[in-house]
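The residues making up each chain are set out below.
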Amino acid sequence: MEDKSDTTKGPAAHPFLHMLTTLPQSLPLGTKMASYLWVLSLGLLFMVSGARGAAPRKPIDVPFGRNYVPTWAFDHIKSYNGGSEIQLVLDKYTGTGFQSKGSYLFGHFSMQIKMVPGDSAGTVTAFYLSSQNSEHDEIDFEFLGNRSGQPYILQTNVFTGGKGDREQRIYLWFDPTKAFHSYSVLWNTFLILFLVDDVPIRVFKNSKDLGVKFPFDQPMKIYSSLWNADDWATRGGLEKTDWSKAPFVASYKSFHVDGCEASVEAKFCATQGKRWWDQREFQDLDSLQYRRLAWVRQKYTIYNYCTDRVRYPTMSPECKRDRDA
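This structure is a prediction, so every number in the text was calculated from the model and none was measured.

Novice: Please provide a residue-by-residue account of the pairing of strand S3 (residues 85-90), values included.
Specialist: The buried fraction of S3 is high, at 6 of 6 residues. Going residue by residue along S3, you find Glu85, Gln87 and Val89 tucked away on one face and Ile86, Leu88 and Leu90 tucked away on the opposite face as well. Taken together, the 4 bridges between strand S2 (residues 77-80) and S3 define a ladder with antiparallel strand orientation. Bridging across to S3, lysine 78 finds its partner in glutamine 87. What sits between S2 and S3 in their antiparallel hairpin is a turn of 4 residues, with asparagine 81 showing a positive phi close to 50°. Bridging between S3 and strand S14 (residues 248-262) involves 6 bridges; their strand directions are antiparallel. Across the sheet, the residue bridging to valine 89 is valine 249, located in S14.

What follows is the structure in structure tokens.
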């Protein structure tokens with residue numbers, strides 16, 4: 001189905017006005033008013049903050065078939081507009097998914113997604129990178145559905161050397177079911193950066209010197225899927241999938257991949273240091289990006305493993321470096 005929304009005119013043409021008009025309606029009035037003030041002040045701050053410096057390059061819109069292939073339940077993937085848009089369909093029989101044709105060691109990976117609308121409790125829409133080796137590396141976006149009127153939860157996680165348990169959860173500052181939004185990963189030897197509409201929502205820096213493994217020698221494929229996870233996804237499994245609302249549909253477009261393609265056996269990138277995302281300005285966030293990240297953490301973060309002293313009495317060493325604590 002073609003998305004008719006025009007994001008070149010009106011409030012959506014400016015990201016800060018867009019934030020104002022797309023806060024979840026279910027949030028309490030006081031929370032929304034506080035968010036309005038934060039967004040206005042943040043917008044003013046951004047306008048006077050100078051050059052952006054380390055912003056990733058703008059993704060290039062390409063058709064699905066250039067970079068991806070279906071992986072399971074082919075009949076539950078629908079293609080539109082010559083493959084420039086696809087839909088994943090979940091029903092009581094099966095979900096579905098796709099993966100990249102190539103494996104990549106570092107790069108910039110982006111996708112525009114419109115989440116399952118309405119009552120999506122129990123469903124998970126996932127966009128992630130994953131290695132194939134035993135010491136598992138993975139970089140996750142997981143969108144956890146909810147009952148009608150409640151906001152989606154975006155969970156991110158990072159696995160390195162087989163170790164995960166680094167969950168962070170946020171509410172988004174817009175309704176992700178109403179229009180397409182961009183979700184991106186920038187991965188190089190210095191950091192992993194998660195972005196939503198170019199706003200940094202999480203950074204995971206290379207902390208090998210602190211004894212924390214970092215994914216640097218295992219190529220990863222890119223995956224996306226829509227599936228039923230009502231045993232844990234919504235309120236810890238308390239809210240079950242309502243199959244009377246099926247089929248559940250998530251829409252995708254702009255299948256951007258700009259990475260160092262490698263075979264599964266490759267341990268290095270032949271163009272290391274020569275790609276735009278390898279350069280000095282992408283070794284860290286600039287001051288504007290840190291302010292945006294602080295805004296997300298202060299206003300929209302609902303869980304951070306770095307501050308969970310019940311699960312982790314001792315804070316993980318990367319947390320201070322990532323400014324999570």
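From this point, things continue past the structure.
Novice: Please set out the sheet that holds strand S5 (residues 103-114) residue by residue, giving values where relevant.
Specialist: What links the strands of a sheet is backbone hydrogen bonding, and the strands pair in either a parallel or an antiparallel sense. Spatially, S2-S3-S14-S5-S10-S11-S12 is the arrangement adopted by the 7 strands of the open sheet, whose pairing is antiparallel. A single partner strand is all that each edge strand has here, and the edge strands are S2 and strand S12 (199-205). Strand-to-strand, the axes of this sheet are offset by a mean angle of 25°, without reference to chain direction. The pairing of strand S11 (residues 191-196) with S12 spans 6 bridges and is classified as antiparallel. When the sheet's bridge partners are listed, leucine 191 is paired in S12 with lysine 205. With respect to the sheet, helix H4 (residues 287-299) is in contact with S11 and S12, its orientation differing from that of S12 by roughly 100°.

Criteria and thresholds
Residues numbered from 1 in each chain as written. Predicted model: local features only at pLDDT ≥ 70, side-chain atom pairs only at ≥ 80, totals over all residues. Heavy atoms only, no water. Buried < 20%, exposed > 50% of the residue type's maximum accessible area, 1.4 Å probe, protein only. Helix = DSSP H or I, 4+ residues; strand = E, 2+ residues; numbered from the N terminus. Pairing = 2+ DSSP bridges. Axes fitted to C-alpha atoms, helices over the stretch in contact; angles between N-to-C directions. Contact = heavy atoms within 4.5 Å.

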